[in-house]
Amino acid sequence: MSKRPVDPRRLDVAAFADAAGEIAGEWPLSSMPRLTEVTPHGASETTQVRWTARGERHAASPGSVQVWLHLTARVALSLVCQRCLQPFEKQFDVSRRFGFVPGEAAAIELDAECEDDVLALTRALDLHELVEDELLLSLPLVPKHETCLLPGPAAEADPQAAAAHPFAELAALRGKGRLN
Ligand SMILES: [Zn+2]
């Protein structure tokens with residue numbers, strides 16, 4: 001029996017799990033339009049999304065989830081800081097586990113009960129789309145530097161900046177009653 005190579009864009013999830021399959025690869029960020037849209041500074045030709053997938057079948061009691069897919073994805077993105085509007089570079093790592101059961105209805109029912117996402121078993125899972133979905137979900141709603149480099153609210157807290165203020169010393173002397 002010949003074994004066909006695994007196509008990550010049309011993955012037979014059950015067969016992959018039965019074989020305890022493992023695959024990994026890279027896709028260019030530019031191949032993911034929804035992710036590219038939110039990274040105006042980061043969609044360079046060379047940015048790659050690295051991913052791995054691993055299948056697993058658990059011999060469990062009937063009615064529970066037996067087929068599992070472990071997915072990881074990693075990409076360095078340049079978002080826009082919503083405070084200083086400068087580029088905000090960050091590496092995003094996703095590590096997720098998905099259960100698969102036969103039928104949409106069973107998937108919806110188990111998804112509500114289960115901590116992990118439960119999807120309907122398919123013979124043509126698009127990992128490329130799943131990786132893009134999960135990376136989008138991992139993005140912060142409001143990307144912000146912890147400390148912005150440009151002048152802003154953070155600069156006022158800088159003690160050197162306060163000392164450089166020409167009237168600071170005068171004000172201090174006046175406060176002590178040494179000046180009339
Ligand atoms: Zn900033």
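Keep in mind the model is a prediction, meaning the values are calculated, not measured.

For the rest of this paragraph, the subject is the overall build of the protein chain. Helix and strand content of the protein chain: 6 helices and 5 strands. Starting at the N terminus and ending at the C terminus, the protein chain contains elements arranged as α-β-α-β-β-β-α-β-α-α-α. The buried share of the protein chain, taken over its 180 residues, is 31%. Split by element, the accessible area of the protein chain, about 11,900 Å² in all, is 53% carbon and sulfur.

Residues at a pLDDT of 70 or more form 76% of the protein chain, whose mean pLDDT is 83. Long-range and interchain partners of residues 154-167, a stretch whose pLDDT sits below 50, account for 3 contacts in this model, where long-range means more than four residues apart. Contacts of residues 176-180 to residues separated by more than four positions or lying in other chains number 3 contacts, the stretch itself having pLDDT below 50.

What follows is about unusual backbone geometry. The backbone of A20 sits at a positive phi, close to 50 degrees, despite the residue not being glycine. Inspection of the secondary structure assignment puts A20 in the loop between α1 (13-18) and β1 (22-28). Although it is not a glycine, L85 adopts a positive phi angle of roughly 60 degrees. With respect to the helices and strands, the residue L85 is situated in the loop between β3 (67-80) and β4 (87-101).

A sheet is described by the order of its strands in space; here 5 strands give the open sequence β1-β2-β3-β4-β5, paired in mixed fashion. The two strands at the open ends of the sheet, each matched to only one other strand, are β1 and β5 (117-120). Across the sheet, the axes of successive neighbouring strands diverge by a mean angle of 30 degrees, strand direction being ignored. Pairing geometry for strand β2 (residues 48-57) and β3, over 8 bridges, is antiparallel.

Here we come to the packing of aromatic side chains. Tallying each qualifying case throughout the model produces 1 aromatic pair. Arranged with centres 4.5 Å apart and planes meeting at 15 degrees, the rings of W27 and W51 form a pair that is stacked. With a gap of 24 residues between them, W27 in strand β1 and W51 in strand β2 connect regions that are remote in the sequence. In terms of burial, W27 and W51 fall into one category: buried. We note R97 situated over the ring of W68; from NZ or CZ to the ring centre the distance is 4.0 Å.

Below, the discussion takes up the pairing of β5. Looking along a regular strand, one sees side chains alternate from face to face of the sheet. Here β5 shows a clear split, with V118 and A120 buried on one side and none of D117 and L119 buried on the other. Relative to β5, β4 runs parallel, the two sharing 4 bridges. Within β5, the position partnered with F98 by the bridge is D117.

Burial of nonpolar side chains together is a common tendency in soluble globular proteins. A53, L69, L77, L125, L127, V131 and L135 are the most contacted members of the largest nonpolar core, which has 33 residues in total. Those elements that provide at least two residues to this core are α1, β1, β2, β3, β4 and α4 (127-138). Among the elements that make up this core, the one with the highest residue count is β3 (7 residues). The contacts of L125, once residues within four sequence positions are left out, are P8, R9, R10, L11, V13, L69, F100 and L130. If you look at the next biggest cluster of nonpolar residues, it comprises 7 residues, including V65, W68, L110 and A120.

Basis of the calculations
- Residues numbered from 1 in each chain as written.
- Predicted model: local features only at pLDDT ≥ 70, side-chain atom pairs only at ≥ 80, totals over all residues.
- Heavy atoms only, no water.
- Helix = DSSP H or I, 4+ residues; strand = E, 2+ residues; numbered from the N terminus.
- Buried < 20%, exposed > 50% of the residue type's maximum accessible area, 1.4 Å probe, protein only.
- Areas by Shrake-Rupley, 256 points an atom, 1.4 Å probe, with all protein chains shown as cover.
- pLDDT = per-residue confidence, 0-100.
- Contact = heavy atoms within 4.5 Å.
- Pairing = 2+ DSSP bridges.
- Axes fitted to C-alpha atoms, helices over the stretch in contact; angles between N-to-C directions.
- Phe/Tyr/Trp six-rings, centres within 6.5 Å; stacked < 30°, edge-to-face > 60°.
- Lys NZ or Arg CZ within 6 Å of the ring centre and 35° of its normal.
- Core = buried A, V, L, I, M, F, W, Y, C linked by side-chain atoms within 4.5 Å.

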